[in-house]
Every structure is written in C-alpha cells, then in structure tokens.
Protein chains: 2
Amino acid sequence: MYNISGESTMVNYPNGRKSSWAVRTTSAGGRGMMLEKDINMSNDSYLADDTAVIHKKPTPVTIVKVDYPQRSAAKITEAYFKIPSTTDYNGIYKGKYIDFEAKECASRTSFPLKSIHPHQIRHLDSVLRHGGIAFVIVRWVEYDETWFIQARDMIDFFDNASRRSIPYDWFQQHGVLIPATYIRPVDYLKIVDRLYFDKGGTTSDGRK
Amino acid sequence: MYNISGESTMVNYPNGRKSSWAVRTTSAGGRGMMLEKDINMSNDSYLADDTAVIHKKPTPVTIVKVDYPQRSAAKITEAYFKIPSTTDYNGIYKGKYIDFEAKECASRTSFPLKSIHPHQIRHLDSVLRHGGIAFVIVRWVEYDETWFIQARDMIDFFDNASRRSIPYDWFQQHGVLIPATYIRPVDYLKIVDRLYFDKGGTTSDGRK
C-alpha cells in the first residue's frame, strides 16, 4: 500500500492479516486519470470566465467505518468503490443541461464496450429523452486523440452491438476530434457549439 | 468506531495509536440523513416513471490510501470528508437544468447561515445566471415542515445578511411548503411546476 505522496506504509487489520502491496494509488485503479485531469482543467477554465458550470461528480464510495478522533477531522477508515449509477460529469451551458462520460482507451484498435456500464448508457438515453445534451469523450491514448461521440451514436452501437468493442474507424466515422489549448486541454464545448447551437443560440434540432 | 451493521471493531494504526470510539456512523456526522433519504426516494420515483432525471451527487471524499488485496475489491483505508464545491443534487426536468441543496434545521426559531457554504451560494447564483432552476430545500425537523426556497431569495438574504441566521417567519414569507406523498415524501417538482412552468411548458419568466 502506498499513499498519494508515494510513501509506503503497512497496516495491521483486525484479523491480523497484513495488507497486500500494490503500486496503484488513485481512484478506480488510476485508469483514466490524465483525461480526468485535462477535463477538470477545461471545466475550471469554463467556470473561471463564466462560460459554463460543469463539474465532475465525486467518485462514489460506500463508507463503512468512520473514526472521529478528538480535535481532528473525521477519518474514513473503511470504504469501497461503488459502480456509478450515472455519468461522471454534468452541468449547464447556454441554458441547456449537459451530461457526459469520459474514458481513456489503451488499445490501438478498439474501445471495449465494458468500459461503460449499461446503466450509464441508459442514463445518457434518459438525458436525451428529457431534452439534455449528452455525449461520451474517449481518449485514444496511443494516438493522443480525444474524440467527441454523441450519446445517440454510442447508444445505437450498444443496442445493436454484435461485437464487444468499437473499432477505431467507427470513431473516425461517427466522432469529432476535440481541440486542445493550453488552458483547455479538452475544449469539448467547441464541439457542443458546432453540433447543438448555431449562432442564434438555437439547438441544431430547432429547439431553444 | 462502529461499522454500518452496528458491530464494533478496533484498528491498530501504523503509529500504534488506538482509534477513538464514536457512535456516529454515516456521512458528515449523520446529520440531515432523513431528509436525504426522503429526497432520494422522491428522485427514485421521478426516475421510475420518467418524470425527471435528478440524482444526489456522491459525498465528496479525499482518498489518501487504497489497499488492493488479491482476489477482492479495492479497499479505501484512509479518506477524509471534503467541503463540497457545489450543491448535492442536480439533473434535468422538462428540458431544464435543475440544481438544489437540501438541509435539515434542528432549531425551532432560526436556520443558521453556516449550514450552507458560501461557495454553494455562489454556485446557485451561477446556475441562475446560466438559465437553470436553482433552489434550496430546508426541513424544519421540529415542525415536520419541508420548505422550498428559490435560490434568488436565499442568495439575497446571504448577500444582505445583518444576522447569522434566517428566522422561521422569513421561510413563511418567502418559501413554499413542499407536499409529501407516500412514494414522494418530498414532492418538490410540484413546486417547480407551479413556480417555473405554466401548463404550456414555458417557464414563468417567459423563456422556453
């Protein structure tokens, strides 16, 4: 067990078992952390200049034990990661509800469907039904490309999938590459503007 | 230290200190949990009949140490509660972004301003500025009354407060009582309908 600062420690559990050792230190095994950092930075920039109010939801955990030492902060001493029932990001932009999930893909050929939970797909579908803007951001790490996929396309693939992964060329056909700037490493609202809003502020399907 | 099932255990920390004992078992000291349960139940009902997609965000925690035992789930062994930077609940209803905070009040006379963090107030203000529907739900436990307060009123009180708490009669003047049903113990969308939508589906300020 390592803590965030890289220092290693060992804990005696009540049952006398020593903890196992692992190098992974962050949420959900540390996967997808660079993309998360880049999206958070972009969201901070949107917030700073009042472009949009979009936040990452906290990582869902089930808290089992909390210790309340005197004169110091409550300390959670046993908790477990929970499967999220919704997506990681939501908020508001130009009066519209925005909702999306973000995933990194380590493969060079295909994006495994199991990266996204079925109830996350159903959640994106609900958001569309209620008039929100929903999408998925996928970073192909090997290509250093970050793709914007409209939720409708992702849902259709899931519902009709004859295979367990989405090939790279499907992203080229259905996705839009998201531009990066220094302060907005994943400037996805550029794509939202292009796909859902014209200059008059109406959405592409004609609704306000 | 007690775990959720009520069973008590003691943990030896690496520094040899024994944990302290406390009866509180749930998030943020267990305060406000009944209201949270009632709102979650109402949200589940809205979701079940496809009225709205509104969820509570997970409790924000800073994860410091994670243990990865072989052949079992990752176990968080050190984490701390974080001050939330946004509100607890958000989602979409009739195409509009919905955002609110919920608090229980134990007093019979006034609601302490410190119950809501200043950045939560600023967050509600941002949501209004971007065209969302924002409010605060306050349950006066002693009266068994649950009040709907529009964010604009709550923000105005905060910004002009000459006192550190909001008196009960202010709620009677500015708030709307939220009806309760068996399956929707806090049926706040009834109030959203009345205040923000007429029968034609337009919001009260005339925007779609």
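Just so it is clear, the structure is predicted and the values come from calculations on it, not from any experiment.

Draft legend 1. Just the confidence of the model for chain A, in detail. Residue and element names in this part refer to chain A. When pLDDT is averaged along chain A, the result is 84, and 80% of the positions lie at 70 or above. With pLDDT under 50 throughout, residues 1-31 is counted as low confidence; its partners more than four residues away or in other chains account for 64 contacts. Per the prediction output, this complex has pTM 0.81; the corresponding ipTM is 0.80.

Draft legend 2. Structural detail: the pattern of salt bridges. With the rule as written, the count across this model stands at 26 salt bridges over all chains. A salt bridge links Glu101 of chain B to Lys103 of chain B, with the shortest nitrogen-to-oxygen separation between them at 3.5 Å. We note a salt bridge from Arg108 of chain B to Glu142 of chain B, for which the minimum N-O separation is 3.1 Å. You can see Arg108 of chain B sitting in the loop between β5 (96-105) and β6 (110-112) and its partner Glu142 of chain B sitting in the loop between β7 (133-140) and β8 (145-150), a full 34 residues away along the chain. Put simply, Asp50 of chain A together with Arg122, Asp125, Arg129, Arg152, Asp156 and Asp159 of chain B are held in one network by salt bridges that share partners.

Draft legend 3. How the structure looks around the nonpolar core. Ranked by size, the top nonpolar core spans 50 residues in total, and within it Phe111, Met154 and Phe171 of chain A together with Phe111, Met154 and Phe171 of chain B carry the most contacts. With near-sequence residues (within four places) excluded, Phe171 of chain A lies in contact with Phe111, Val138, Trp140, Trp147, Ile149 and Ile166 of chain A.

Draft legend 4. Structural context of unusual backbone geometry. Residues and elements named next belong to chain A. Non-glycine residue Asp50 carries a positive phi angle of around 60°. Here Asp50 falls in the partly exposed class, since its relative accessible area comes to 32%. With a phi close to 50°, Asp144 is a non-glycine residue in the positive phi region. Tracing the backbone shows Asp144 in the loop between β7 (133-140) and β8 (145-150). Given the relative accessible area of 63%, Asp144 is considered exposed.

Draft legend 5. Seen up close, the pairing of strand β2 (residues 61-67) of chain A. All names here are of chain A. Counting buried residues in β2 gives 6 out of 7 residues, a clear majority hidden from the surface. One ladder, built from 6 bridges, connects β2 with strand β3 (residues 75-81); its direction is antiparallel. Residue pairing for β3: Val66 is matched across the bridge by Ile76.

Draft legend 6. The arrangement of the packing of helix α2 (residues 118-129) of chain A against helix α3 (residues 151-160) of chain A in detail. All names here are of chain A. Two elements in contact, α2 and α3, have axes separated by 10 Å at closest approach and are oriented at 135°. As the angle between them shows, α2 and α3 are arranged oblique. For the pair α2 and α3, the crossing hand works out as left-handed. Between α2 and α3, the residues in contact are Ile121, Arg122, Leu124, Asp125 and Leu128 and Ala151, Arg152, Met154, Ile155, Phe158 and Asp159, respectively. Considered class by class, the residues forming the contact of α2 with α3 number 7 nonpolar, no polar and 4 charged.

Draft legend 7. Here's a closer look at the pairing of strand β4 (residues 89-93) of chain A. Residues and elements named next belong to chain A. Most of β4 sits out of view: 5 of its 5 residues are buried. Here β4 shows two buried faces, one formed by Tyr89, Gly91 and Tyr93 and the other by Asn90 and Ile92. Of the pairings in the sheet, the one linking strand β1 (residues 53-56) to β4 comprises 4 bridges and is antiparallel in character. Residue pairing for β4: Val53 is matched across the bridge by Ile92. Between β4 and strand β5 (residues 96-105), which pair antiparallel and follow one another directly, the connecting turn spans 2 residues, one of which, Lys94, has a positive phi of 50°.

The rules behind the values
- The residue numbering used here restarts from 1 in each chain and proceeds along that chain's sequence as written.
- In the order they appear in the text, chains get letters beginning with A and ligands get numbers beginning with 1.
- In keeping with the predicted nature of the model, local features appear solely for residues at pLDDT of at least 70, side-chain atom pairs appear and are counted solely at 80 or more, and the whole-chain, interface and lining totals rest on all residues.
- Side-chain metrics rest on all non-hydrogen atoms present in the structure, leaving aside hydrogens and water.
- Each residue carries a pLDDT value, the predictor's own confidence for that position, ranging from 0 to 100.
- Residues are treated as being in contact if the distance between any of their heavy atoms lies within 4.5 Å.
- A carboxyl oxygen of Asp or Glu within 4 Å of a side-chain nitrogen of Lys or Arg is what we treat as a salt bridge.
- Helix numbers and strand numbers start at the N terminus; a helix is a DSSP run of H or I with at least 4 residues, a strand a run of E with at least 2.
- Only buried residues count toward a nonpolar core. Its members are Ala, Val, Leu, Ile, Met, Phe, Trp, Tyr and Cys residues joined through side-chain atoms within 4.5 Å.
- Each residue is placed in one exposure class: buried if its accessible area under a 1.4 Å probe, protein chains only, is under 20% of its type's maximum, exposed if it is over 50%, and partly exposed if it falls in between.
- Two strands qualify as a pair provided that DSSP identifies no fewer than 2 bridges between them.
- Axes, fitted as lines to C-alpha atoms, cover a helix only where it is in contact. Angles between the N-to-C directions of the axes lie from 0 to 180 degrees.
- Oblique is the label for any angle not under 35 degrees, not over 145, and not in the 65 to 115 range, which are roughly parallel, roughly antiparallel and roughly perpendicular in turn.
- Crossings are assigned a handedness: left-handed for a near helix turned anticlockwise from the far helix by less than a right angle, right-handed for a clockwise turn.
- Charged means Asp, Glu, Lys or Arg here, nonpolar means Ala, Val, Leu, Ile, Met, Phe, Trp, Tyr, Cys or Pro, and polar covers whatever is left, Gly included.

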